[in-house]
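Here are the chains, one letter per residue:
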Amino acid sequence: MDTPNIVLVSGSLRADSTSDRVARWCARQCAQQGAEARVFTGAELQFPFYRPGLSEQDGEDGEIGGFVRALGRADGLVLVSPTYHGTVSGLLKNALDYANDLVAPRAFLEGVPVGCVAVGAGAQGMASTLTTLRTIGHALRAWPTPLGVTARDWADDGAAPTDAMTSEQRQSRDQMAVMISQVLSMAFVNATASARQRLAGSRS
């Protein structure tokens, strides 16, 4: 079985933010199910405002170029954004704008499953943020998973055993697990298709 590459992106600059912790938890779930997972925290996304060609100037070894290259290789994606005034963080939106530079082997994020998570304190703001994340995913030609998740009260694995968690924490974790399974089910298909294309190319 071919190993899918999953990229997880947190849109918060705050150290050890809930968004970062959610992204890392999701990465662990992906790894446990046989995928390779790479987390980009908000601290790694402090890019200049997007302008065409900047990632190419940065090169594959640069911070921007490396991020764009990771997006280009991703078989699946998870986006985690804090809720800022009813929408996604500018940090995350700017980072995703760099997907405009993806032209090969596919345009934008075509065919990539994307799980969307909104983190916040209020239900209305989280719902609006989640909708925006899914809209951005569609605009980038990706496939948002059927289930998107909101997380107001989050508990990490080690910090809170299941029997010590609140009902809201359990619900968020259960929903997150379902969302990850949806990302992975399509990511494994993408990874297999990519491997076959590389094999066919090597034989031609």
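Below: a short report on this structure. (Residues numbered from 1 in each chain as written. Predicted model: local features only at pLDDT ≥ 70, side-chain atom pairs only at ≥ 80, totals over all residues. Heavy atoms only, no water.)

1. A few points about the environment of Thr 129
Argument step 1. With respect to the element layout, Thr 129 can be found in helix 5 (residues 123–139).
Argument step 2. Sequence spacing of Thr 129 and Tyr 84 is 45 residues, and the spatial spacing of their C-alpha atoms is 8.2 Å.
Argument step 3. Filtering out sequence-adjacent residues up to four positions away, Thr 129 remains in contact with Ser 81, Pro 82, Thr 83, Gly 86, Thr 87, Val 88 and Ala 118. (Helix = DSSP H or I, 4+ residues; strand = E, 2+ residues; numbered from the N terminus. Contact = heavy atoms within 4.5 Å.)

2. What to know about the packing of aromatic side chains
Argument step 1. Considering all chains together, one arrives at five aromatic pairs under this definition.
Argument step 2. Relative to Tyr 98, the ring of Phe 47 has its centre 5.7 Å away and its plane inclined at 85 degrees; by these criteria the two rings are edge-to-face. Of this pair, Phe 47 sits in the loop between strand 2 (36–40) and helix 2 (54–58) while Tyr 98 sits in the loop between helix 4 (90–97) and strand 4 (113–119); the two residues are 51 residues apart in sequence, bridging distant segments of the chain. The residues Phe 47 and Tyr 98 share a single accessibility class, namely buried.
Argument step 3. Aromatic side chains Tyr 50 and Tyr 98 sit 5.0 Å apart centroid to centroid with 85 degrees between the ring planes, which places their arrangement in the edge-to-face category. On the criterion of sequence distance, the pair formed by Tyr 50 in the loop between strand 2 and helix 2 and Tyr 98 in the loop between helix 4 and strand 4 is long-range, its members being 48 residues apart.
Argument step 4. Here Tyr 98 falls in the buried class, since its relative accessible area comes to 0%.
Argument step 5. An aromatic cluster is defined as three or more aromatic residues linked by ring pairs; in this entry it consists of Phe 40, Phe 47, Tyr 50, Phe 67 and Tyr 98.
Argument step 6. Here Arg 38 stacks its cationic end above the ring of Phe 40, 3.9 Å away from the centre of that ring. (Phe/Tyr/Trp six-rings, centres within 6.5 Å; stacked < 30°, edge-to-face > 60°. Buried < 20%, exposed > 50% of the residue type's maximum accessible area, 1.4 Å probe, protein only. Lys NZ or Arg CZ within 6 Å of the ring centre and 35° of its normal.)

3. Thoughts on empty space enclosed by the protein
Argument step 1. Throughout the structure, instances matching the rule amount to one cavity of 30 Å³ or more.
Argument step 2. Taken as a whole, the largest cavity encloses approximately 30 Å³ of empty space.
Argument step 3. Taken together, Leu 77, Leu 79, Leu 109, Val 114, Ile 136, Gly 137, Leu 140 and Ala 142 make up the lining of the largest cavity.
Argument step 4. Those elements that provide at least two residues to the lining of the largest cavity are strand 3 (76–82) and helix 5.
Argument step 5. Looking at the lining of the largest cavity, its residues break down into seven nonpolar, one polar and no charged. (1 Å grid on protein atoms, 1.4 Å probe; cavity = no way out; pocket = protein on both sides within 12 Å on 5 of 7 lines; lining within 4 Å. Points joined across faces, edges and corners; volume = space filled by probe spheres on them. Nonpolar A, V, L, I, M, F, W, Y, C, P; charged D, E, K, R; others polar.)

4. Looking at the environment of Ser 172
Argument step 1. By secondary structure assignment, the location of Ser 172 is in helix 6 (residues 167–203).
Argument step 2. On the basis of relative accessible area, Ser 172 is assigned to the buried category, the value being 4%.
Argument step 3. Separated by 163 residues in the primary sequence, Ser 172 and Val 9 have C-alpha atoms spaced 18 Å apart.
Argument step 4. Excluding anything up to four places from it in sequence, Ser 172 contacts Val 149, Thr 150, Ala 151, Asp 153 and Trp 154.

5. Side note on the pairing of strand 4
Argument step 1. Most of strand 4 is tucked away, with seven of its seven residues classed as buried.
Argument step 2. The two faces of strand 4 match: Pro 113, Gly 115, Val 117 and Val 119 on one face and Val 114, Cys 116 and Ala 118 on the other face are all buried.
Argument step 3. Taking the sense of rotation as the criterion, the β-α-β connection linking strand 3, helix 4 and strand 4 turns out right-handed.
Argument step 4. Judged from the two bridges that link them, strand 4 and strand 5 (residues 143–144) form a sheet pairing that is parallel. Counted as the bridge partner of Val 114 is Pro 144 from strand 5.
Argument step 5. In this sheet, strand 6 (residues 149–151) lies alongside strand 4 in parallel orientation, the contact comprising three bridges. Looking at strand 6, one finds that Val 119 is bridged to Ala 151. (Right-handed = clockwise from strand over helix to strand, strands pointing away. Pairing = 2+ DSSP bridges.)

6. Focus: the pattern of salt bridges
Argument step 1. This model, assessed by the stated rule, comprises four salt bridges.
Argument step 2. One salt bridge in this structure joins Arg 38 and Glu 44, with 3.2 Å as the shortest N-O distance.
Argument step 3. The partly exposed category is assigned to Arg 38, whose relative accessible area is 37%.
Argument step 4. In this structure Glu 44 comes out as partly exposed when scored by relative accessible area, which is 31%.
Argument step 5. A salt bridge links Lys 93 to Asp 97, with the shortest nitrogen-to-oxygen separation between them at 2.6 Å. Residue Lys 93 and its partner Asp 97 are located together in helix 4, separated by four residues, close to a single helical turn.
Argument step 6. Residue classification places Lys 93 among the partly exposed residues on the basis of a relative accessible area of 36%. (Salt bridge = Lys/Arg side-chain N within 4 Å of Asp/Glu carboxyl O.)

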